[in-house]
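Residue-level structural notes
Listed below are the residues making up each chain.
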Amino acid sequence: MKTLKTRLKEGVSNFYLFEGEDYYLYDRGFGMIKKAISFSMPDFNLAIFDDDNYSMKAVLDSCDIMPLGDERRIVLMKNVTKVTENDKKALEAYLKNPSKTTILVIFDYPNKLSSLKEYGFVDCKRFDSKTATGVIVNELAKRNKQISGEAVATLLDYCNGYLSRAINELDKLVYFNIDDPLVTKKIVDTLVTKDAEYVVFELTEALGQRNGDKALKLLNEMKREQGLVGLITNHFRRLFFISTSDLDDKTLSQMLGVKEYAVSKQRMQAKNFSKMQLKKIYSLLEDVDYNIKSGQMSQENSLFYLVISILNI
């Protein structure tokens, strides 16, 4: 994504494969492509395919249609999950000799077409903190607002690093006090709901540091969240696997079915626990899950039992 703007200045390609976990970057990159070709007639020159209307034949047939009123036509294949091996072969054959008047853009959030990266890849993984901060500062500047360093760091934490969610929170932050040009951490704390995965990360951090007061406070804030025990179980399962594996973050992310960003953050967090502690915690979580499913323990009681038990492991 960071290099797409430069690449577009050098010329627009016939194919772009977007992959990564931050959906804001998909929309931003797609907008950059449309701007680069002065795209003006989407009613005639934009075809969109998703799981509801997808077939590879329909996509490739659409790529062969000539544009009307614009120099280029765009075909967008959006997060299709029904891709077969034959579809991949047909698409790769097309990419070896693509239409000169069509730009084929694929949003591949499900990571079904990674084998085609060599033909034109746009990386939409979560930005590092510095880059994401720059985007938020620029977005707020367009609305005559500023944000403190502490506030923007808190916003990104609460949104679990996703620019897509952080950008969606900006309207609330901007209009909370229209007379004050500065968005503060207090405003972010008041208005932004913490992402569930971030809260689990925060809770795990408190448990790893043996900070019982903070862990119980966090638990009180989120005890009615549905599926929380499952989130905590999955989090500690990944911590245990990461702590016992010599594989790199990219390989682990593929094996665990999570994004590389999450693995890198959890690798740092795993250092707060010994391997034996993580093994005991994982066994504890399996027991608690069984007790909940068998009706022997309510979710709320199980959460407090978990926190107290982990603090004493």
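Before reading on, note that the structure itself is shown above.
Please read all numbers here as calculations on a predicted model, not as lab measurements.

Analysis parameters
- Residues numbered from 1 in each chain as written.
- Predicted model: local features only at pLDDT ≥ 70, side-chain atom pairs only at ≥ 80, totals over all residues.
- Heavy atoms only, no water.
- Pairing = 2+ DSSP bridges.
- Helix = DSSP H or I, 4+ residues; strand = E, 2+ residues; numbered from the N terminus.
- Axes fitted to C-alpha atoms, helices over the stretch in contact; angles between N-to-C directions.
- Parallel < 35°, antiparallel > 145°, perpendicular 65-115°, else oblique.
- Left-handed = near helix turned anticlockwise from the far one by under 90°.
- Contact = heavy atoms within 4.5 Å.
- Nonpolar A, V, L, I, M, F, W, Y, C, P; charged D, E, K, R; others polar.
- Buried < 20%, exposed > 50% of the residue type's maximum accessible area, 1.4 Å probe, protein only.
- Lys, Arg positive; Asp, Glu negative; His and termini not counted.
- Salt bridge = Lys/Arg side-chain N within 4 Å of Asp/Glu carboxyl O.

To summarise the sheet geometry, strands pair through backbone hydrogen bonds and adopt either a parallel or an antiparallel arrangement. As summarised here, the arrangement of the five strands in space is β2-β3-β4-β1-β5, forming an open sheet in which the pairing is parallel. This sheet does not close on itself; its edge strands, each paired only once, are β2 (46-49) and β5 (121-123). On average, each strand axis in the sheet is tilted by 15° relative to the strand beside it, whichever way the strands run. Of the strand pairs in this sheet, strand β1 (residues 15-19) and strand β4 (residues 102-107) are connected by four bridges, and their pairing is parallel. Following the sheet pairing, Y16 is matched in β4 by V105.

Here we come to the packing of helix α11 (residues 212-222) against helix α16 (residues 299-311). Where α11 meets α16, the axes come as close as 11 Å, and the angle between the chain directions of the two elements is 165°. The orientation of α11 with respect to α16, classified from their angle, is roughly antiparallel. Pair α11 / α16 crosses with right-handed handedness. Residues G212, A215, L216, L219 and N220 of α11 form the contact with α16, whose own contacting residues are L303, F304, V307, I308 and L311. Among the residues making up the contact of α11 with α16, the classes are represented as eight nonpolar, two polar and no charged.

Right, let's talk about the side chain of R238 for a bit. In this structure, R238 sits in helix α12 (residues 228-244). The side chain of R238 sits in the buried core without any salt bridge; E197 is the nearest counter-charge, 5.1 Å away.

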